[in-house]
Amino acid sequence: MISLDINGSITEVETTDDVPAIFVLRNVLDIKSVKLGCGLEQCGSCAVLLDGEPTLTCSKAIGDFVGRTIETIEQMQSPIQEALLQGNAIQCGYCINGIIVAAEGLFRRDSHPDRATIIRALEPHLCRCGAHPRIIRVLMELASR
Amino acid sequence: MKELPQSLRNTPELDRWVAVRQDGKILVYVGKVELGQGILTAFTLIAAMELSVESKRIELVTARTGITPNEGVTAGSMSIETTGAAIRQACAWARQIILEAASQYLTVSLESLIVRDGVVSSSETSDLVSYQDLFGGRPFNKHLEFSIDEMSSQSHPKIVRIDLEPKVRGKGVFIHDKSWANMLHARVVRSRGQLVDLFPPKGKVRLFRNGDFIAICGTDEAEVVDAQTEVLARSTWTSPNLKVDVMEQLKGTNEAFLLRDGIPVREDVPDPVLEFERQYSRPYLMHGSIGPSAAAAIYQNDRIVIWCSSQGIELLKPLIARVLSIEIDSVSIIYVQGAGCYGHNGADDVALDAALTAQAIPGRHVLLKWTREQEHMFEPYGPAMIMRMGANLMGGDITDWSHDVASFTHVSRPAPGRPGIDLLGSTEVDPPFPSNEPKPRLGREVGIHRNALPLYSFENVRVVKRFVPRSPLRTSALRSLGAHGNVFAIESFMDELAIHSGKDPFSFRLKYIQDPRARAVLRSVVELAGGLEGSRGLGIAQYKNQQCYAAVICEVDVNNDTAAIKAKNIWIAADAGRVVDLDGLTNQLEGGAIQALSWCLKEAVHFDEDGVTSVDWDTYPIIRFSEIPEVTTVVIDHPKERSLGAGEATLGPTAGALGNAVYAACGVRVRDLPMTSQQLRKSAAVSL
């Protein structure tokens, strides 16, 4: 049994601490925002905020997440989500979890990032549909507010 | 009387398309599916307009066997043209029938009726009646035979795409997110060779084997993944002994066809003398879905229900019945969104994998996912292509044009009516089902010869399609099929000819384009970009020579030291006829351009005798945020023309524009994709 601080509440989970975090989040806690894309920390679709920092969950053990705050986009209520939605800055949407998490992590540190900073934050995240220009545009617009 | 759209001719019962619910919602049934291209939003806008209701009243029901109309495959940029037209007409009929009933109910003339969001009023009475009052829960009982007038060509309103809200909120809308009590997670163990020795898994997982088809399942996904990894690593298979020199193979034995009016015909292929000849190529390319293929299934009482993201569930259904040895009617398939597929990827194969596994464990839901490595190694790739271009020029004018394209099949989607079954698992079970021999497609604008016919008018045009029968790697439909390679070659070659003739690439193209709409997009893109000067290149095509027109200008930087190419700007001008969802259309055009950049700058499937070596995102890199140019798009709307499919329109023109921009930037013509720094150096050495 381990204890996780997730989306503002402490949750007890029956698991061992060496299990990849993604399987605990998705299958035990029903947090489906976290997507399994590669299992190799190469695509970014499994990201969560860990103590406010974008962190991949597909290879790290859940034990590494104990005693830290985990946030997922289900409870995020971020203006980034609304901006991406209103800007139709998504195509299939499989990668968008990671992109929201990366952008949220950035905007919490720097509410007016420039283009280069936005791109640096998104660089670990793959999108196959080619929604990148819209995502960048929407985040630039948000940064200028 | 005007004929009905094809989908309505196939399914003419209005109740199969439209139903008014008692709560005022209107259900619209379609056989097409959301692939991330925003089609649900476009269908909703069309239905709302024709029914004179707010779009939030429309609820779409997509692709469920036995429930929605059978509309084949969601592919080829056809959904707006075919299903869009069918919905427009079905909803126009529904509206007319409702209004006739309203006129009787209110005892007023038909002409006096006014509809506002499904509520009918009249200038002749103060009474009102709603759609649900008249038809809520009641069938129309109408068999459609001909088309009636649709709503005028007014603009559709802009709405937020209807499938996006749950995605940004993290709701589990994808096939990977399906979950049932007591569900089993599953993975397959797969290799290209034949199984020699199977290493048994440890722990609480179960292994199911049928011939060389091996699945591992259990209630704990992490344990299943660990077991799959171990069984794969410690079992042994024979080497598939793949033939690796693909370009030589493409130049070898083939079946040649001459294109007559765009149709391949078996005729002697003339071998003209051409003073100017160039050869272009592209490698095998991956669809590269970000989410690995996945499907769920449950088998009980000799029936199976499958949830999957196949583009063609109706085609899949009889094949799965054959492999499982059950009646066709015992198979139900429900479409659930997957990650973007961009054509025929592993979505069909994994549906059979899940079905076979579920059949072995009756009464339990099984959710089976491919691993990232399997997605990279086993999806059917977009085939490699060689395009040999030739021309004769007289006084700077093109008199003879030759386009000779060789490739493997671009279409091996599983479909009934053939002896074999084109699904991976069917070749692995015991006894195995044969695969179908690839056959050349002889229709207009399919497969290898898609967009091989130039947009330009030349005196003498010779277009040859060469079908090469055996590919070392399985291949099938990748977004735009042959159009990507063909348009890359045509547009590169046009630039080479323009430069050879001392003409500017814009006027040189315009001279040979008769179609006023093609001329308009060409002019528009140049205007949008503010000219072609500098490190810029141009590309243009009309997709399939009958759908969306797209012209693209690309601007690049080429680093003199590293030979790295960076796209800085892309400008797109397009004409997709009547625009339904401008923002959705723009998103597709831009997404296609970015995907083409990724293909052309970075991508090639590598393999050796033992199999594919591009097994993850490090060994098959795709474009990243730091490599994304600014993209600017203009769409020329033709409200009175029919809508033209646009989802694949920019892939070819972007490829051409990129190659031409690279030449403009550094004077090196890259004819072999991808344009990596290594390739640029190689091309530079050749051109010295």
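Residues numbered from 1 in each chain as written. Chains lettered and ligands numbered in written order. Predicted model: local features only at pLDDT ≥ 70, side-chain atom pairs only at ≥ 80, totals over all residues.

(A) Local environment of the overall build of chain B. In terms of helices and strands, chain B carries 17 helices and 27 strands. Here the C-alpha atoms of chain B give a radius of gyration of 27 Å, agreeing with the 26 Å that 2.2 N^0.38 yields for 688 residues. Seen along its three principal axes, the alpha-carbon backbone of chain B occupies a region of about 85 × 70 × 50 Å. When the 688 residues of chain B are sorted by exposure, 56% land in the buried category. (Helix = DSSP H or I, 4+ residues; strand = E, 2+ residues; numbered from the N terminus. Rg over C-alpha atoms; globule rule 2.2 N^0.38 Å. Buried ≥ 20, exposed ≤ 12 C-beta atoms within 10 Å, placed from the backbone.)

(B) Molecular detail of the overall build of chain A. For chain A, the helix and strand inventory stands at 5 helices and 5 strands. The C-alpha atoms of chain A give a radius of gyration of 15 Å, which matches the 15 Å a tight globule of 145 residues would have. Dimensions along the principal axes, computed over C-alpha positions, put chain A at roughly 45 × 25 × 25 Å. Across the 145 residues of chain A, 54% fall into the buried class. Contacts in chain A between residues far apart in sequence, at least 24 positions, make up 57% of those at least 6 positions apart. (Contact = placed C-beta atoms within 7 Å.)

(C) Molecular detail of the domain arrangement of chain A. All names here are of chain A. According to the domain assignment, chain A consists of domain 1 (2–74) and domain 2 (77–143). Computed over C-alpha atoms only, the centres of domain 1 and domain 2 are separated by 21 Å. Domain 1 puts 14 residues into the contact, and the matching count from domain 2 is 14 residues. (Domains from an automatic or database assignment.)

(D) Broad picture of the interface of chain A and chain B. Listed per partner, the contact involves 44 residues of chain A and 43 residues of chain B. When residues of the side of chain A that touches chain B are traced back to their parent elements, those giving at least two are α1 (21–28), α2 (79–86), α3 (96–109), α4 (115–122) and α5 (132–143) of chain A. Here the side of chain A that touches chain B is composed, by residue class, of 23 nonpolar, 15 polar and 6 charged. (Nonpolar A, V, L, I, M, F, W, Y, C, P; charged D, E, K, R; others polar.)

(E) Structural context of the environment of R187(B). Residues and elements named next belong to chain B. Structurally, the position occupied by R187 is in strand β7 (residues 184–189). R187 gets classed as buried once you count the C-beta atoms within 10 Å, which come to 28. The sequence separation of R187 and V265 amounts to 78 residues, and the corresponding C-alpha distance is 45 Å. If near-sequence neighbours (up to four positions away) are discounted, R187 is found in contact with I216, V224, V225, Q228, L368, K369 and T371.

(F) Structural view of the confidence of the model for chain B. Taken over all residues, the pLDDT of chain B has a mean of 95, while the share at 70 or more is 100%. Here the prediction assigns the complex a pTM of 0.96, and the interface score ipTM is 0.98. (pLDDT = per-residue confidence, 0-100.)

(G) The arrangement of the packing of α2(A) against α5(A) in detail. Residues and elements named next belong to chain A. Remark: α2 packs on α5, axes separated minimally by 10 Å, with the N-to-C direction vectors making an angle of 130°. Considering the angle they form, α2 stands oblique to α5. Between α2 and α5 the crossing geometry is right-handed. Here P79, I80, A83 and L84 of α2 come into contact with α5, specifically with I135, V138 and L142. (Axes fitted to C-alpha atoms, helices over the stretch in contact; angles between N-to-C directions. Parallel < 35°, antiparallel > 145°, perpendicular 65-115°, else oblique. Left-handed = near helix turned anticlockwise from the far one by under 90°.)

(H) Representation of the environment of G447(B) within the structure. Residue and element names in this part refer to chain B. Along the chain, G447 falls in the loop between α11 (424–428) and β21 (460–467). On the basis of neighbour count, G447 is assigned to the buried category, with 26 C-beta atoms found within 10 Å. Sequence separation of G447 and C308 is 139 residues, and the distance between their C-alpha atoms is 25 Å.

(I) Spotlight on α4(A). Residues and elements named next belong to chain A. Turning to α4, its buried residues number three or more, namely I118, A121 and L122. Buried residues in α4, looked at end-on, bunch into an arc of 95°, giving them a common side. Those residues of α4 hidden inside the fold are in contact with α3 and α5. (Arc of directions from axis to C-beta.)

(J) Structural view of the pairing of strand β23 (residues 549–558) of chain B. All names here are of chain B. Most of β23 sits out of view: 9 of its 10 residues are buried. With 7 bridges connecting them, strand β22 (residues 536–542) and β23 associate as antiparallel partners. Following the sheet pairing, Q542 is matched in β23 by Y549. Turn length for the β22-β23 hairpin, with the two strands adjacent in sequence and antiparallel, is 6 residues, and the turn residue K544 shows positive phi of about 55°. Alignment of β23 against strand β24 (residues 565–575), held across 10 bridges, turns out to be antiparallel. Residue pairing for β24: A551 is matched across the bridge by A573. (Pairing = 2+ DSSP bridges.)

(K) The arrangement of helix α12 (residues 483–500) of chain B in detail. All names here are of chain B. For α12, with 18 residues, the first-to-last C-alpha span of 25 Å sits near the 26 Å given by 1.5 Å per residue. Counted residue by residue, α12 has 16 buried out of 18 residues, so it is predominantly covered. One or two residues past the end of α12 sits G502, with phi positive at roughly 75°. (Expected span 1.5 Å × (residues − 1).)

(L) Focus on the sheet that holds strand β9 (residues 206–210) of chain B. Residues and elements named next belong to chain B. Strand order in the open sheet formed by 7 strands is β9-β10-β7-β18-β15-β16-β17, and the pairing between neighbours is mixed. Lying at the two open borders of the sheet, with one neighbouring strand each, are β9 and β17 (331–335). Within this sheet the neighbouring strands show an average axis-to-axis angle of 25°, counted without direction. As judged from the 6 bridges shared by strand β15 (residues 294–300) and strand β16 (residues 303–308), these two strands associate in the antiparallel manner.

(M) Up close: the sheet that holds β22(B). All names here are of chain B. The strand order across the open sheet formed by 4 strands is β22-β23-β24-β27, and the pairing between neighbours is mixed. Strands at the two margins of the open sheet, each flanked by one partner only, are β22 and β27 (630–635). Strand-to-strand twist in this sheet, taken as the mean axis angle between neighbours without regard to direction, amounts to 15°. Against the sheet, helix α14 (residues 516–529) makes contact with β22, β23, β24 and β27, and its axis sits at roughly 140° relative to β24, the strand it touches most.

(N) The arrangement of the domain arrangement of chain B in detail. Residue and element names in this part refer to chain B. When cut into domains, chain B gives domain 1 (6–152), domain 2 (175–239 + 287–378) and domain 3 (385–411 + 446–470 + 479–687). Taken over C-alpha atoms, the centre of domain 1 sits 37 Å from the centre of domain 2. A class-by-class count of the residues in the side of domain 1 that touches domain 2 yields 5 nonpolar, 7 polar and 2 charged.

(O) Representation of the pairing of β21(B). Residues and elements named next belong to chain B. When strand β12 (residues 255–260) meets β21, the two strands line up antiparallel, connected through 4 bridges. Directly across from A256, in β21, lies its bridge partner R466. With 8 bridges joining them, strand β20 (residues 397–407) and β21 adopt parallel strand pairing. Counterpart to S407 in the pairing with β21 is F467.

(P) Highlighting the nonpolar core. Judged by nonpolar contacts, the single largest core of 267 residues is most densely connected at A295(B), A550(B), A574(B) and V662(B). With near-sequence residues (within four places) excluded, V662(B) lies in contact with V556(B), V558(B), I565(B), V668(B), V670(B) and M675(B). (Core = buried A, V, L, I, M, F, W, Y, C linked by C-beta atoms within 7 Å.)

(Q) Inspection of the packing of α4(A) against α5(A) at higher detail. Residue and element names in this part refer to chain A. Where α4 meets α5, the axes come as close as 10 Å, and the angle between the chain directions of the two elements is 130°. By the criterion of interaxial angle, the relationship of α4 to α5 is oblique. With respect to the hand of their crossing, α4 and α5 are arranged in right-handed fashion. Here R115, I118 and I119 of α4 lie close against α5, whose contacting residues are I136, L139, M140 and A143. The residue inventory of the contact of α4 with α5, partitioned by class, reads 6 nonpolar, no polar and 1 charged.

(R) Seen up close, unusual backbone geometry. Residues and elements named next belong to chain B. The linkage connecting D430 with the following residue, P431, adopts the cis geometry, with an omega of -5°. Within the chain, S77 stands out as a residue other than glycine whose phi angle is a positive 55°. Topologically, S77 is positioned in the loop between β3 (58–62) and α3 (79–106). With 22 C-beta atoms counted inside 10 Å, the residue S77 sits in the buried group.

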